[in-house]
Protein chains: 2
Amino acid sequence: MQIQLIGLTEIPLISKEDDLSRLILDAAQLQEVELENGDILVIAETVISKSEGNYIDLGSMQASNEALELAQKTGKDPQLVEAILQESQDIVRVGPDFIVSETNHGFICANAGIDESNVDEGLATPMPRDPDASANLIREKIESLTGKQVAIVISDTQGRPFREGAVGVAIGASGIRSLWNRQGEEDLYGRELQTTQIAVADELSAAASLLMGQANEGIPVVIIRGYPSFADLRDTETGAKSLIRPKKFDAFR
Amino acid sequence: MQIQLIGLTEIPLISKEDDLSRLILDAAQLQEVELENGDILVIAETVISKSEGNYIDLGSMQASNEALELAQKTGKDPQLVEAILQESQDIVRVGPDFIVSETNHGFICANAGIDESNVDEGLATPMPRDPDASANLIREKIESLTGKQVAIVISDTQGRPFREGAVGVAIGASGIRSLWNRQGEEDLYGRELQTTQIAVADELSAAASLLMGQANEGIPVVIIRGYPSFADLRDTETGAKSLIRPKKFDAFR
């Protein structure tokens, strides 16, 4: 039983007019990789935002009083803090050098997911406006261009409580269920499983992150081939939003 | 740039006298897989505990007053709660159906990592006593049997705050650094990276979990082949303990 992770090394720097689906297929072709049924494409969120022309011009941000206060508390740039506030619906934790907030989509992460890497000086990329919708559009486009049934996962690299280091997580998905509910299944001894929900889309993102890295390798797209549960988890309706734990069920908010 | 995940399907049910390193090599051979330099073996913690004869006999547990109280609060079995208390140095959060604690090793997770799956009725497996040491022993044994340089990651499946579903995480490691510090490296535009620490061992565990599943597939070991940073991250000293964020730096404790 095998899975292959194939990093696409030939994706150019993305800008607004680019057709990301075509660039992905072109890059695959340059590596002589033909998409197959069941392929899962994990795409770094930055290239999604860039291809959607979704930039923040930090220099043009007018820091509100709230932003100025938070900037002082955290030592962060006031214009960046203003951008974080605009991308957030709630501030979850603040410390000497961090702001963890609930983004407008409901994800809880540092800096509202705003990324200052891999863009021109003075610019930043926010999270895609609606990552599940972006994933769905790309899936439909790639499926119609190739005739293959694929899934798209949009990934981000995020820190988390309790553990050092960041890991790849999913913020958008289409074509595969993000959360695998295994209630009722049995273990090797015929007992009901204890861990009944697996965050498959997060595990796919973490796996892809092994190739994407975070620096100048330039591998924003990874194909995951051979995932055994692809067919069982086929789902074009439920996105990665299902990974968000509702506040009232979260013991750590 | 490619990575292969190879699930070992021929590992038998493990018990105390078993030599896990040999069973892994035998299973690989049955699948005609020969270990190579740079292979990373991710092993499910349950088989480590079993091979070390490390079981909890829940029926023999004497529930203390603290355990009885916590059992009432959480609706959990008092003997299981007693076992959780014995495996923990601190209780972090308690709710109607969960206990999140800091294990004696320092990991923060539900039920102190005690697993009631895939063992005989009435028994449970705790986390390995010293997962980094276990990983180190297995690495040395496999390296001496094969003459190849490999790494071992011991994985668990854990829930986390803010996000639904569990994911594979690392609780032990040897032969590869768990945390990749990328401070000073630059992005595509020559700017310093924002995310400077990547929890590589957690990403390896999450990737392996895609094949391990949680149920009766019986894939407790996954070989990860072709990880590009293996040589850069070679390290036989620092284990997965480095993934534990010290309490004083954790905003969510």
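Scroll up a little and you will see the structure.
Residues numbered from 1 in each chain as written. Chains lettered and ligands numbered in written order. Predicted model: local features only at pLDDT ≥ 70, side-chain atom pairs only at ≥ 80, totals over all residues.

The number of helices and strands found in chain A is six helices and 13 strands. Whereas a compact globule of 253 residues would reach a radius of gyration of roughly 18 Å, chain A reaches 19 Å, a difference of no more than 12%. When its C-alpha atoms are laid out on the principal axes, chain A stretches across 55 × 50 × 30 Å. Sequence-distant contacts in chain A: of pairs separated by 6 or more residues, those separated by 24 or more amount to 60%. (Helix = DSSP H or I, 4+ residues; strand = E, 2+ residues; numbered from the N terminus. Rg over C-alpha atoms; globule rule 2.2 N^0.38 Å. Contact = placed C-beta atoms within 7 Å.)

Below, the discussion takes up the relation of the copies chain B and chain A. The two copies are related by a screw operation: chain B maps onto chain A through 180° of rotation and 0.0 Å of translation along the axis, at an RMSD of 0.0 Å. What the superposition gives is, in effect, a two-fold axis relating one chain to the other. Mapped onto chain A, 100% of the interface residues of chain B are again interface residues, and the two copies thus contact each other with one and the same surface. (Least-squares fit on C-alpha atoms with pLDDT ≥ 70 in both.)

All right, on to the packing of helix H6 (residues 200–212) of chain A against helix H6 (residues 200–212) of chain B then. The N-to-C vectors of H6 of chain A and H6 of chain B enclose an angle of 125°; their axes lie 8 Å apart at closest approach. When the axis of H6 of chain A is compared with that of H6 of chain B, the two are oblique. Helix-helix and strand crossings are classified by hand; for H6 of chain A and H6 of chain B the assignment is left-handed. Of H6 of chain B, the residues touching H6 of chain A (which contributes Asp 202, Glu 203, Leu 204, Ala 206, Ala 207, Ser 209 and Leu 210 of chain A) are Asp 202, Glu 203, Leu 204, Ala 206, Ala 207, Ser 209 and Leu 210 of chain B. A class-by-class count of the residues in the contact of H6 of chain A with H6 of chain B yields eight nonpolar, two polar and four charged. (Axes fitted to C-alpha atoms, helices over the stretch in contact; angles between N-to-C directions. Parallel < 35°, antiparallel > 145°, perpendicular 65-115°, else oblique. Left-handed = near helix turned anticlockwise from the far one by under 90°. Nonpolar A, V, L, I, M, F, W, Y, C, P; charged D, E, K, R; others polar.)

This next bit is on the pairing of strand E8 (residues 151–158) of chain B. Residues and elements named next belong to chain B. Of all the eight residues making up E8, eight are buried; the element is thus mostly covered by neighbouring parts of the structure. On E8, burial covers both faces: Ala 151, Val 153, Ser 155 and Thr 157 on one face and Ile 152, Ile 154, Asp 156 and Gln 158 on the other are all buried. Direction of pairing for strand E2 (residues 40–44) relative to E8: parallel, over a ladder of five bridges. For Ile 43, the partnering residue across the bridge sits in E8 and is Ile 154. Here seven bridges tie E8 to strand E9 (residues 167–176), and the two strands are oriented antiparallel to one another. Paired with Ser 155 across the strands is Ala 170, a residue of E9. (Buried ≥ 20, exposed ≤ 12 C-beta atoms within 10 Å, placed from the backbone. Pairing = 2+ DSSP bridges.)

What follows is about the sheet that holds strand E6 (residues 108–110) of chain A. Residue and element names in this part refer to chain A. The strand order E4-E5-E6 describes an open sheet built from three strands, whose pairing is antiparallel. Edge positions in the sheet fall to strand E4 (88–95) and E6, since each of these pairs with one other strand and no more. Between one strand and the next, the sheet's axes are offset by a mean angle of 25°, whatever the strand orientation. Relative to E6, strand E5 (residues 98–103) runs antiparallel, the two sharing three bridges. Its bridge partner being in E6, Ser 101 is matched across the sheet by Cys 109. This element, helix H3 (residues 65–74), spans E4 and E5 of the sheet and lies at about 30° to E4.

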